[in-house]
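Here is how the chains run, residue by residue.
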Amino acid sequence: MSRIELEAVALTERETRKGSVAAQDLMDAAVGLLDSHRSVSTLSLREIARAAGIAPNTFYRHFRDVDELTVAVIDQAGRSLRGIIREARQRLSIERSAIRTSVEAFMDQLDADQRYLHVLLREMSTGSEAFRQAVDRELSYFEDELREELEKISAATGHKVHEPGLAAKAITRLVVAMGASAADASKERRGEITEQTVVMIRMIMEGAEQLARKAAKA
């Protein structure tokens with residue numbers, strides 16, 4: 001038997017001993033192969049299968065190709081992050097603003113062992129069109145939730161926000177861009193980026209409120 005055939009037999013035997021492999025196992029294996037210079041889209045099906053301890057053919061039971069796996073990883077990253085930010089907002093104290101708490105929750109997630117957020121940030125700029133569309137879809141969820149929150153705050157405080165949808169988009173894209181810069185930064189540098197992000201978001205909000213006041217006077 002050739003080396004490739006022997007490798008396939010060994011993987012099949014290992015898979016049998018290991019038991020059924022779930023799609024999540026393949027996603028975790030792919031993310032585990034990444035470093036600061038690699039995108040999921042650069043991984044081969046064979047190396048992902050090897051990292052998961054399965055034969056390459058087993059991969060197709062869960063995903064058509066690496067592209068589909070990457071989109072699934074991006075979707076999971078978005079769902080995970082939305083849950084983290086919602087939880088952070090629920091724990092707000094009187095002394096801490098929603099802006100700072102949400103930004104810090106986002107930055108803290110950069111250190112999560114699963115590193116799924118890193119995939120979302122990386123694929124936004126280096127992935128294919130399909131990957132960028134998947135990232136855009138996840139970001140649109142954040143934008144919709146933030147727009148609704150801005151509208152609720154506006155109704156409760158009487159402070160109108162000009163074009164809350166655009167304000168939400170500006171804030172979301174800013175946080176993601178700053179998060180990409182902070183992903184591989186030192187702890188000290190990440191703290192600086194966090195502070196800058198908080199200030200920039202406040203600038204966006206103050207500008208949106210000022211534009212709303214001008215529109216009301218027109």
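For clarity, every value in this text was computed on a predicted model and none was experimentally measured.

Criteria and cut-off values
- Numbers given for residues are sequential positions, taken from 1 along each chain in its written order.
- For this predicted model, a pLDDT threshold of at least 70 governs which residues receive local features, and a threshold of 80 or more governs which side-chain atom pairs are given and counted, while totals over whole chains, interfaces and linings are taken from all residues.
- Remark: hydrogens and water are excluded; side-chain values derive from all non-hydrogen atoms of the structure.
- Numbering of helices and strands starts at the N terminus; helices are DSSP runs of H or I of at least 4 residues and strands are runs of E of at least 2.
- A pairing counts as a salt bridge when a side-chain nitrogen of Lys or Arg comes within 4 Å of a carboxyl oxygen of Asp or Glu.
- Only protein chains enter the calculation, and the probe is 1.4 Å; a residue is then buried if its accessible area is under 20% of its type maximum, exposed if over 50%, and partly exposed in between.
- The angle between two axes is taken between their N-to-C directions and runs from 0 to 180 degrees, where each axis is a line fitted to C-alpha atoms and a helix contributes only its stretch in contact.
- When describing relative orientation, an angle under 35 degrees is termed roughly parallel and one over 145 degrees roughly antiparallel, while 65 to 115 degrees is termed roughly perpendicular and anything else oblique.
- For a crossing to be left-handed, the near helix must be turned anticlockwise from the far one by less than a right angle; the clockwise case is right-handed.
- Contacts: residue pairs with any heavy atoms within 4.5 Å of one another.
- Any residue outside Ala, Val, Leu, Ile, Met, Phe, Trp, Tyr, Cys, Pro, Asp, Glu, Lys and Arg is labelled polar, Gly included; the first ten of those are nonpolar and the last four are charged.
- With a 1 Å grid laid over protein atoms only, a set of points is called a cavity when a 1.4 Å probe fits there but cannot get out and a pocket when it is open yet has protein on both sides within 12 Å along at least five of seven lines; lining residues have an atom within 4 Å of a point.
- Grid points are joined across faces, edges and corners, and a volume is the space filled by probe spheres set on the points.
- For a helix, the expected span equals 1.5 Å multiplied by the residue count minus one.

Peer 1: I tried to follow the environment of Ala-216 on my own but got confused; where do I start?
Peer 2: Structurally, the position occupied by Ala-216 is in helix H10 (residues 187-217). Taking the C-alpha atoms as reference points, Ala-216 and His-162, 54 residues apart in sequence, are found 9.8 Å from one another.

Peer 1: Hey, could you run me through the pattern of salt bridges in this one?
Peer 2: Between side chains of opposite charge, pairing is possible as soon as their charged atoms come close. For the structure shown, the criterion picks out eight salt bridges. Across the pair Asp-75 and Arg-137 runs a salt bridge, and its minimum N-O distance is 2.8 Å. Here Asp-75, found in helix H5 (residues 66-90), pairs with Arg-137, found in helix H8 (residues 129-157); they are 62 residues apart in sequence, far enough to count as distant. Asp-75 gets classed as buried once you look at its relative accessible area, which sits at 17%. In this structure Arg-137 comes out as partly exposed when scored by relative accessible area, which is 30%. For Glu-104, the salt bridge identified is with Arg-100, shortest N-O distance 3.7 Å. Note that Glu-104 and Arg-100 are positioned in helix H6 (residues 98-109) at a spacing of four residues, about one turn of the helix. Among the residues examined, Arg-100 registers a relative accessible area of 17% and is labelled buried.

Peer 1: Is there a simple way to explain the packing of H6 against H10 in this structure?
Peer 2: Each packed pair of helices is defined by two parameters, the angle between the axes and the distance between the axes. At a minimum axis separation of 10 Å, H6 and H10 run at an interaxial angle of 140 degrees. Classified by the interaxial angle, the pair formed by H6 and H10 is oblique. In this structure, the crossing between H6 and H10 has a hand that is right-handed. Contacts between H6 and H10 pair Ile-99, Arg-100, Val-103, Glu-104 and Met-107 from the former with Arg-190, Ile-193, Thr-194, Glu-195, Thr-197, Val-198, Ile-201, Arg-202 and Met-205 from the latter. Looking at side-chain class alone, the contact of H6 with H10 contains seven nonpolar, two polar and five charged residues.

Peer 1: Would you mind going over unusual backbone geometry with me for this structure?
Peer 2: Note: most residues except glycine have negative phi, and most peptide bonds are trans. Of note, the phi angle at Glu-163 is positive, near 45 degrees, even though the residue is not glycine. Within the secondary structure, Glu-163 sits in the loop between H8 and helix H9 (164-182).

Peer 1: I tried to follow the layout of surface pockets on my own but got confused; where do I start?
Peer 2: Any space left empty among the atoms is revealed by the rolling of a water-sized probe across them. Within this model, the second largest pocket holds a volume of roughly 170 Å³. Together, Glu-104, Met-107, Asp-108, Asp-111, Ala-185, Ser-186, Lys-187, Arg-190, Gly-191 and Thr-194 line the second largest pocket. Among the elements that take part in the lining of the second largest pocket, H10 stands out by supplying four residues, more than any other. Grouping the constituent residues of the lining of the second largest pocket by class yields two nonpolar, three polar and five charged.

Peer 1: Would you take a moment to explain H8 for this structure?
Peer 2: An α-helical segment advances 3.6 residues per turn. Residues three or four places apart therefore align on the same side. Taking 1.5 Å per residue as the helical rise, H8 with its 29 residues ought to reach 42 Å, and the 41 Å between its terminal C-alpha atoms agrees with that figure. The set of residues buried in H8 consists of Phe-131, Ala-134, Val-135, Glu-138, Leu-139, Phe-142, Glu-143, Leu-146, Leu-150 and Ser-154. The positive-phi residue at the C-terminal boundary of H8 is Gly-158, with phi of around 85 degrees.

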